[in-house]
Amino acid sequence: MSGILMPKPDAATLARRAEIVADMRIIVPGEGVVETINEMRAFESDGLTAYRQLPLVVVLPETVAQVSRLLKYCNERNIRVVPRGSGTSLSGGALPLEDAVLLVMSRFNRILEIDYPNRTVTAQPGVTNLGITTAVELDGFYYAPDPSSQIACSIGGNVAENSGGVHCLKYGLTANNVLGIEMVLMNGEVVRLGGKHLDAEGYDLLGVMTGSEGLLGVVTEVTVRILKKPETARALLIGFPSSEEGGQCVADIIGAGIIPGGMEMMDGPAIRAAEDFVHAGYPLESEALLIVELDGPAVEVDHLIGLVEAIANRNGATTCRISQSEQERLTFWAGRKAAFPAVGRISPDYYCMDGTIPRKELPRVLAGMRELSEHYGLGVANVFHAGDGNLHPLILYDANKPGELEKAEAFGADILRLCVKVGGVLTGEHGVGVEKRDLMPEMFNDIDLDQQMRVKCAFDPNHLLNPGKVFPQLRRCAELGRMHVHRGQVAFPDIPRF
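Residues numbered from 1 in each chain as written. Predicted model: local features only at pLDDT ≥ 70, side-chain atom pairs only at ≥ 80, totals over all residues. Heavy atoms only, no water.

Notes on the overall build of the chain
And then number 1: The number of helices and strands found in the chain is 16 helices and 21 strands.
And then number 2: A compact globule built from 498 residues would reach a C-alpha radius of gyration of about 23 Å, and the chain, at 23 Å, matches this within 12%.
And then number 3: Dimensions along the principal axes, computed over C-alpha positions, put the chain at roughly 70 × 55 × 45 Å.
And then number 4: Across the 498 residues of the chain, 55% fall into the buried class.
And then number 5: For the chain, restricting intrachain contacts to residue pairs at least 6 apart in sequence, the fraction spanning at least 24 positions comes to 72%.
And then number 6: Of the roughly 20600 Å² that the chain leaves accessible, carbon and sulfur atoms contribute 52%.
And then number 7: Where the 46 positive side-chain charges of the chain centre and where its 63 negative ones centre are 4 Å apart. (Helix = DSSP H or I, 4+ residues; strand = E, 2+ residues; numbered from the N terminus. Rg over C-alpha atoms; globule rule 2.2 N^0.38 Å. Buried < 20%, exposed > 50% of the residue type's maximum accessible area, 1.4 Å probe, protein only. Contact = heavy atoms within 4.5 Å. Areas by Shrake-Rupley, 256 points an atom, 1.4 Å probe, with all protein chains shown as cover. Lys, Arg positive; Asp, Glu negative; His and termini not counted. Charge placed at Lys NZ, Arg CZ, Asp CG, Glu CD.)

And the structure:
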């Protein structure tokens, strides 16, 4: 693994590995326990493959009762647990720990209910993002958040990371589309938050759980809202001679009161990599490419296309294609959806970052990234959700060259510092995980972090769920002076800890 520090393994837990594995086989019988080194290699990292670590044991439960028993067992014996969905996380959120049970939810893969009158789907957390849309598309519905990894990423993982996608500008992130969840706490209790209704009384615990990165509980069921497919959807493919002109076009479109279904941008290196990979007809001479999708009634879409085209021309667009068929629209998006693997063809390795900035700061941040690229001697390709300022710089490096991974990490950290400096945030949808953990003080002071830690302590006072992630320092809940833990028990255990 790289030089990133993780919690020191608990020697007592490591010494009891054989006993723990045997007990896991009782809780999850059959083929639900993976313990050999070779078999566990498949789980040693998530999508942030620069960091790898074998877990103590891998467990794949199939029922809520099994998850509850497993968490209660680990809580009573002070054993750490790392939840994992499909492993597509790009921030190291599902990175295993040497002394932790890796709790993999991929066998929870059934859609439990489709409720068209309420426009909801209830699914187990291992169902893929795209699987929800596939289940309802024949009836004219779809699930709006669409990460680029939607063919593989799980809905439970989407909840953990508050995932977005190219259509999040108009239709929102996961947080705006999840109505309810069932979850298991570290002590084994099963809790329901929300439901099919649009809002719930009391504290917004559903909002707390969405984006909590596996630190508060394990999601075992998700209820999401589905939308009726728009009558019409068309896309414009617009090329610009510079990213600054493309960025200004984005600001002008939003400033005109137009909210596209999706608005994505790619810079020159990303354009050329994607075109070579997908052959979508991207303008190779452009240094910035904007994809703007407009949806709704046909007459409205036609009107908005004219407005967007005029705005693009005022900002120096050198090319503008408007999709004339559904297939052409999908082709426009194919290159953007495949941008990450496309860049993988032009560089031995790449490091995918994720930060969000105010839209008006886009030219300044892109210029800053070019300066950093020269400083570190590493290339960078940019793909981003232009409408909401969510950047995805892809830092190009070669892991076989000594020191290049460390340079890529330093480059990425400086990009995120720049995002915060201009009024942005460390992450828009990938999460903090281990990747941005040590940068949290760039955005939050100690008081902020302590308040966040108190939420963690209310759900997991022994700090056993996904430790070493998100918070820059591993602290015990008792150290905050707000919650005293004695022999593993908080004071007044009969009081609900919400």
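Alright, that's what it looks like, and here's the rest.
Considering the side chain of S242
And then number 1: Note that S242 resides in the loop between β12 (232–240) and α9 (243–255).
And then number 2: What makes S242 buried here is its relative accessible area of 19%.
And then number 3: Filtering out sequence-adjacent residues up to four positions away, S242 remains in contact with E287 and A288.

Concerning the sheet that holds strand β1 (residues 33–34)
And then number 1: Strand order in this open sheet of four strands is β1-β2-β4-β3, and the pairing throughout is mixed. With partners counted over all chains shown, the strands left at the sheet margins are β1 and β3 (80–84), one partner each.
And then number 2: Pairing geometry for strand β2 (residues 57–59) and strand β4 (residues 100–104), over three bridges, is parallel. Considered in β4, the bridge of V57 is made with V101.
And then number 3: The strands touched by helix α4 (residues 64–76) are β2, β3 and β4; relative to β4, the strand with the most contacts, the crossing angle is about 165°. (Pairing = 2+ DSSP bridges. Axes fitted to C-alpha atoms, helices over the stretch in contact; angles between N-to-C directions.)

Here's the deal with the side chain of E264
And then number 1: Assignment of secondary structure puts E264 in strand β13 (residues 262–267).
And then number 2: Residue E264 is classed as buried on the basis of its relative accessible area, which comes to 1%.
And then number 3: Polar side-chain contacts of E264 include one of 2.7 Å to the side chain of H385.
And then number 4: Setting aside anything within four residues of it in sequence, one finds E264 in contact with V166, L289, L290, I291, W333, R336, F384, H385 and A386. (Polar contact = N/O pair within 3.5 Å; in protein donor to acceptor, adjacent residues only side chain to side chain.)

Topic: the environment of F277
And then number 1: One can find F277 in helix α10 (residues 268–278).
And then number 2: According to the relative accessible area criterion, F277 is partly exposed, its value standing at 36%.
And then number 3: Sequence spacing of F277 and A338 is 61 residues, and the spatial spacing of their C-alpha atoms is 8.0 Å.

Some points on the packing of aromatic side chains
And then number 1: Under the defined criterion, the tally for this structure stands at four aromatic pairs.
And then number 2: With a centroid separation of 6.4 Å and 85° between ring planes, the pair formed by Y142 and Y171 is classed as edge-to-face. Taken together, the residues span a long stretch of sequence, with Y142 in strand β7 (residues 141–142) and Y171 in helix α7 (residues 168–171) at a distance of 29 residues. (Phe/Tyr/Trp six-rings, centres within 6.5 Å; stacked < 30°, edge-to-face > 60°.)

Observations concerning the confidence of the model for the chain
And then number 1: Per-residue confidence for the chain gives a mean pLDDT of 92, with 95% of residues at or over 70.
And then number 2: Within the model, the stretch residues 482–486 combines pLDDT values under 50 with 15 contacts to residues more than four positions away or in other chains. (pLDDT = per-residue confidence, 0-100.)

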